[in-house]
Amino acid sequence: MRILSTRIGVIRKVSGPLVIAENMEDANMFDVVKVGNNKLIGEIIEMHGADASIQVYEETSGLGPGAEVFSTGAPLSVELGPGLIGSIFDGIGRPLKAIMKVAGNNLKKGVDVFSLDRQIQWEFCPVLSVGDEVSSGDVIGYVLETPIVKHKIMVPHNVFGKLKSISKKGKFTVDQNVAIVLTEDEKEVEIAMLQSWPVRVGRPYIKKLSPDIPMITGQRVIDVLFPIAKGGVAAVPGPFGSGKTVVQHQLAKWSEADIVVYIGCGERGNEMTDVLNEFPSIIDPQTGNSLMQRTILIANTSDMPVAAREASIYTGITIGEYFRDMGYSVALMADSTSRWAEALREMSGRLEEMPGEEGYPAYLGSRLSSFYERAGRVRIFGKDKLTLEGDFDTTRNEPNKNNYREGILTVIGAVSPPGGDVSEPVSQATLRIVKVFWGLDSALAYKRHFPAINWLISYSLYADILSDWYVKNVSSDWMKLRGRLMSFLSKESELEEIVKLVGVDALSGQDRLKLEVARSIREDFLHQNALHEVDTFTPLKKQHLMMKLILEFYDMSYLILEKDDVKIEKLISIPIREKIGRFKYVKIENLESEYEEISQRLNCEISAASIDEDFNSADTDETQRVSTN
Amino acid sequence: MPREYKTIKEISGPLMMVCGVENVKYDELAEVELVNGKKYRCKVLEIDGTNALLQLFESSAGINLQSSKVRFLGRSMEIEVSEDMLGRVFNGLGKPIDGEAQLLPEKRMDINGIPMNPVARNYPQEFVQTGISAVDGLNTLVRGQKLPIFSASGLPHALLAAQIARQSKIIGTNEQFAVVFAAIGITFEESNFFANSFKETGAINRTAMFVNLASDPAIERIATPRVAITAAEYLAFEKDMHVLVILTDITNYADALREVSAARKEVPGRRGYPGYMYTDLASLYERAGRQKGKRGSLTMIPILTMPEDDKTHPIPDLTGYITEGQIILSRDLYLKGVSPPIDVLPSLSRLKDKGIGEGKTRADHSNTMNQIFAAYARGKDSKQLMTILGESALDKIDILYANFADEFEETYISQKSTDDRSIEDTLQIGWELLSILPKSELTRISDEFLNQYYKAR
């Protein structure tokens, strides 16, 4: 962010984060400027003749008319290169750890540090050699940034030609040149490991592809009922206390992604601290390394300057796109887009724009959709010798061919609607764009049913597109089981209406069985404990077995209810059901054997219930229960 | 000597326009001097060329456009701080009003504070025992947390807050503990209740009170919580104390904010409150916490009264999005005679999970907490069903749950304001309640704890 600047204008007006400066004829729209003696960073967002409206990303107290404004002549950009992973940046990409070293525990104004550390020496490994033809996006070498992330060094956009020189394997800082490209018009372009990219412009790709692979999250309600595709977009709206942040944290922890970008946008400082403390100590089951080694954090907590909040989601998504362009699958979480929209509203109000709904600017919807539209599964530019030679195309699970490279950016945005009412503008604008809606419900949260995703209002438009994948990769009956689960849950809400009117005794045995199965789906399957070491992540295989167990109980019981005159209470209270309930805590090693055992005992106990009317299994918990009554 | 201006052009409500000014900065503090020598404080809200828009912190009565003088002080609003603030009473702008000697300041601090770098935060995870079961057992408070009380007119939130202030302690340490109390537009009686309650228990010596009463200028309320929190920050982060800040009532603060916003003719957000209220409230609440390299902590309990008992009103709603949980008081429980009437189901402490368990409270705490929540929720459902259909429509297990809910409200939530329960007591009461239910229902408790603590009735 340190760029030589020239003085161009003087301040006339200061109103909160909005500054108006005069004599700004030479500046361009969206240029980054430095304001006042403290060199506060701002961005030009409006021009009226020679007057420029500047949104300042830092606290403006102490600024006054007459103070100078300097222009950098460049739009707001982020630095991209080795050193991103495991770091935490503020809304405009400044490194918070480095700022703490310079300025102490509080965020003082005008601290000027590089986003990426210029001292660290990274080991650059070239993969191309002198004379090779290169074009934009080609991987010339890599840095093993963390044990699991190969940070690929790419030819910047709009650079084509031959490699005139390339460094041998060795240690370099991010701003040192590692290669020189001789372009077709005989110009030399020096390539360093560091690139920069304007945050408000999406990085280019060749073509968008349809998202048809699910992003596995290990969260049962998501993977089974409301799956999200890799490259898809999802929204998580919910009132406070309904567990939005826990859902976002769980996704950041367990999502099947190579890189995770987590944007804390206008949320609590302690939540960022929590991620910083916790992620390094969590081991990713897929890679065996700590989660922090694939995570990048962007933090604009609610007490940090509001203008930078507006920029934070763009900073985050630009970093996401950069890793997408390396061919990785990136998952981005933004918590919460409502705070971003409020920041937009605040600036709009200060600009005295004509407000749209609830004071939000009229362009809220278009800004939101252009943000979410930057997600996707895309064919990316450039060649990558690393994947050509032997490496697998991890996204397709097949050997790579024909320079075909894909990158994925999945976006999950939290929305915080006032009072939990999704009829407000931000939720509505979001719902028009996203394909997956995980509606959080405070009533479920009060019952401590987590994740509190309400199955009656949530939806995923990817479910059909993804069904082939599930059928091919998990089990042929996956979609059938899913459909049955859904129908039990909707049946339950119908039956509960009746129960409220006439009581549970008025229901037929079959209906009571359905109610009981729905309860079991809720408590034994959908309820998932994020704090339990086993339950926090459930592989698809196990999810499949869990569904099967619950439905097996239904199928067997249903048959018997129809055939014989068996009391429903007896079926409901067979002791093996407790085991079904605890199946979620079964470790992955014992999965099959445990499943077989439960399935068999289920069979026995249900048959026994039908044969022996006075069925009385000795000292089970259920009989204790009857005796205590 | 700063320049004086006699160029007040306009006064409207809490706002004042001064023209022809030079070298004035945004957010700068200024002073208006009346002919009779009285001085009012104000700050720069907007500066446009030579016109400054000022916001008064006090009433505008007596200001004259011709004769009153305005001086810009070249700094933002500051207060004088020292350790001797404890045991003293100040007005809403930080001036002593208890008639005792002036403070000998060790330092002056800007009341707006500076945002904390999230990297410099220490995650709050030390259990604070408040001695109140519904808080300790189910919505545990930890050091450095901001946990508001959502109350409503006529509910005993003052009683609860005073009890927390009196009883709070960290088990097994004897580090210094202080209370900073900010009265924001509350009545004399309520303020006096707190003062007496602190005096009776001797807590007054470790308490600094900042008082803006209902009769004081509404506009001063914008500064009062900032003044109090600044004092608390000084004690916590420079004097290594564990400070509990009680702010009551945030609703009055938000109304003052709305007053200024309306006077500026800003586009209103919901219910006329300004669109930036979230950011503004966050600039208060987020100052709570713990910092790396500092021994002290700043724990905050803001109290707000929900207009019409409505949790979705902008004030509780935005507060809930910023704070780390909420304690909600319920009128239904209060009418039933349950006191403190804490409605535990919608209440929540987000930081509890890291503040409880082995080494902090007890290993079985988390399991029993989840079980009690689930059982109480089901019990309430059963009771609702019972009122519609009658007791005979319930099966046996539902009746047990209904009994659980009743007994839970009577023995667990209800407690006298003098009753200081240790965490062991609270957990013990929890297990006694759970024994109403058969073992097979307790699916959220691991077998180990069931074997150790569960005794069927």
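**Digging into the interface of chain A and chain B**
Then step 1. Listed per partner, the contact involves 75 residues of chain A and 77 residues of chain B.
Then step 2. Contact between chain A and chain B buries roughly 6400 Å² in total, counting both sides, with carbon and sulfur atoms accounting for 53%.
Then step 3. At the junction of chain A and chain B, the tally comes to 6 salt bridges.
Then step 4. One salt bridge connects A:K447 with B:D381, and the closest N-O pair in it is separated by 3.7 Å.
Then step 5. The interface formed by chain A and chain B contains 32 residue pairs in polar contact (both at pLDDT 80 or more).
Then step 6. At the level of elements, strand 1 (6-15), helix 1 (96-103), helix 4 (269-278), helix 5 (306-324), helix 6 (337-350), helix 12 (478-502) and helix 18 (621-628) of chain A are the ones that each hand at least two residues to the side of chain A that touches chain B.
Then step 7. Here the side of chain A that touches chain B gets 8 residues from one element, more than from any other, and that element is helix 4 of chain A.
Then step 8. In the side of chain A that touches chain B, the residues fall into 24 nonpolar, 25 polar and 26 charged.

**Section: a negative patch on the surface**
Then step 1. On the surface, A:E133, A:E184, A:D185 and A:E186 cluster together into a patch of negative charge.
Then step 2. Note on A:E184: relative accessible area 70%, which makes it exposed.

**So, the environment of A:R220**
Residues and elements named next belong to chain A.
Then step 1. Tracing the backbone shows R220 in helix 2 (residues 220-225).
Then step 2. Residue classification places R220 among the buried positions, given a relative accessible area of 0%.
Then step 3. Between the C-alpha atom of R220 and that of Q528, which follows or precedes it by 308 residues, the distance is 7.6 Å.
Then step 4. R220 has contacts with L225, D524, F525, H527, Q528, D535, T538, Q543, M546 and K584, leaving out every residue within four places of it along the chain.
Then step 5. A polar contact of 2.9 Å, which involves the side chain of R220, links it to the side chain of T538.

**A closer look at the pairing of strand 15 (residues 177-183) of chain A**
All names here are of chain A.
Then step 1. With respect to burial, strand 15 is a largely interior element, 5 of its 7 residues being buried.
Then step 2. In terms of strand pairing, strand 13 (residues 161-166) meets strand 15 through 5 bridges, oriented antiparallel. By the bridge assignment for strand 15, I166 is matched with A179.
Then step 3. In terms of strand pairing, strand 15 meets strand 16 (residues 188-192) through 5 bridges, oriented antiparallel. Opposite A179, over in strand 16, you have I191 as the bridge partner.
Then step 4. In textbook terms, the turn of a hairpin is the stretch between consecutive antiparallel strands, and for strand 15 and strand 16 this stretch comprises 4 residues, one of which, E186, has a positive phi near 65 degrees.

**Concerning the sheet that holds strand 14 (residues 170-172) of chain A**
Pairing between the strands of a sheet comes from backbone hydrogen bonds, and it takes one of two forms, parallel or antiparallel.
All names here are of chain A.
Then step 1. Strand order in the open sheet made by the 4 strands is 12-11-9-14, with antiparallel pairing throughout. Here the strands that pair on one side only, and so sit at the sheet edges, are strand 12 (149-154) and strand 14. Between one strand axis and the next, the sheet turns through 40 degrees on average, direction left out of account.
Then step 2. With 3 bridges joining them, strand 9 (residues 122-126) and strand 11 (residues 139-146) adopt antiparallel strand pairing. Looking at strand 11, one finds that C125 is bridged to Y142.

**Thoughts on empty space enclosed by the protein**
Summary: where empty space remains is shown by rolling a probe the size of a single water molecule over the atoms.
Then step 1. On inspection of all chains with the given rule, the structure shows 8 cavities of 30 Å³ or more.
Then step 2. Size it by volume and the largest cavity reaches roughly 170 Å³.
Then step 3. Along the wall of the largest cavity there are 15 residues; nearest its centre are A:E342, A:R345, A:P418, B:R270 and B:L318.
Then step 4. Only helix 6 of chain A together with helix 6 (277-285) and helix 7 (314-322) of chain B provide two or more residues apiece to the lining of the largest cavity.
Then step 5. The greatest single-element share of the lining of the largest cavity, amounting to 3 residues, is contributed by helix 7 of chain B.

Criteria and cut-off values
Residue numbering note: each chain is counted from 1, following its sequence as written. Whichever chain is written first becomes A and whichever ligand is written first becomes 1, with later ones labelled in order. Note on the predicted model: pLDDT of at least 70 is required for a residue's local features to be given, and 80 or more for side-chain atom pairs to be given and counted; whole-chain, interface and lining totals, by contrast, use all residues. The basis for every side-chain value is the complete set of heavy atoms in the structure, and neither hydrogens nor water enter the calculation. In this description, contact between two residues means that some pair of their heavy atoms is separated by no more than 4.5 Å. Here the buried area means the combined drop in accessible surface, using a 1.4 Å probe, for two parts upon being joined, counting both sides. Salt-bridge detection follows one rule: a side-chain nitrogen of Lys or Arg within 4 Å of a carboxyl oxygen of Asp or Glu. We call two N or O atoms a polar contact when they sit within 3.5 Å, provided that within protein one can donate a hydrogen and the other can accept it, with sequence-adjacent residues counted only if both atoms are side-chain atoms. Secondary structure elements follow DSSP: runs of H or I no shorter than four residues count as helices, runs of E no shorter than two count as strands, and numbering proceeds from the N terminus. Only Asp, Glu, Lys and Arg are considered charged, only Ala, Val, Leu, Ile, Met, Phe, Trp, Tyr, Cys and Pro nonpolar, and every remaining residue, Gly among them, polar. Put simply, a patch holds well-exposed residues, over 30% relative accessible area, that have no salt bridge, with like charges counted together within 9 Å and Val, Leu, Ile, Met, Phe, Trp or Tyr side chains within 5 Å. To measure how exposed things are, a 1.4 Å probe is used in the Shrake-Rupley method; for residues, cover is taken only from the protein chains shown. Positive: Lys, Arg. Negative: Asp, Glu. His and the chain ends are not part of the count. Positions of charges follow a simple convention, taking NZ of Lys, CZ of Arg, CG of Asp or CD of Glu. Exposure categories follow from relative accessible area, calculated using a 1.4 Å probe and restricted to protein chains: below 20% of the type maximum is buried, above 50% is exposed, and the middle band is partly exposed. Strands pair, by our definition, only if DSSP identifies at least two bridges between them. Axis lines are fitted through C-alpha atoms, for helices just across the contact stretch, and the angle between N-to-C directions can take any value from 0 to 180 degrees. As defined here, a cavity is a set of points on a 1 Å grid over the protein atoms alone where a 1.4 Å probe fits but cannot get out. A pocket is an open set with protein on both sides within 12 Å along at least five of seven lines, and residues line them when an atom is within 4 Å of a point. Grid points are joined across faces, edges and corners, and a volume is the space filled by probe spheres set on the points.

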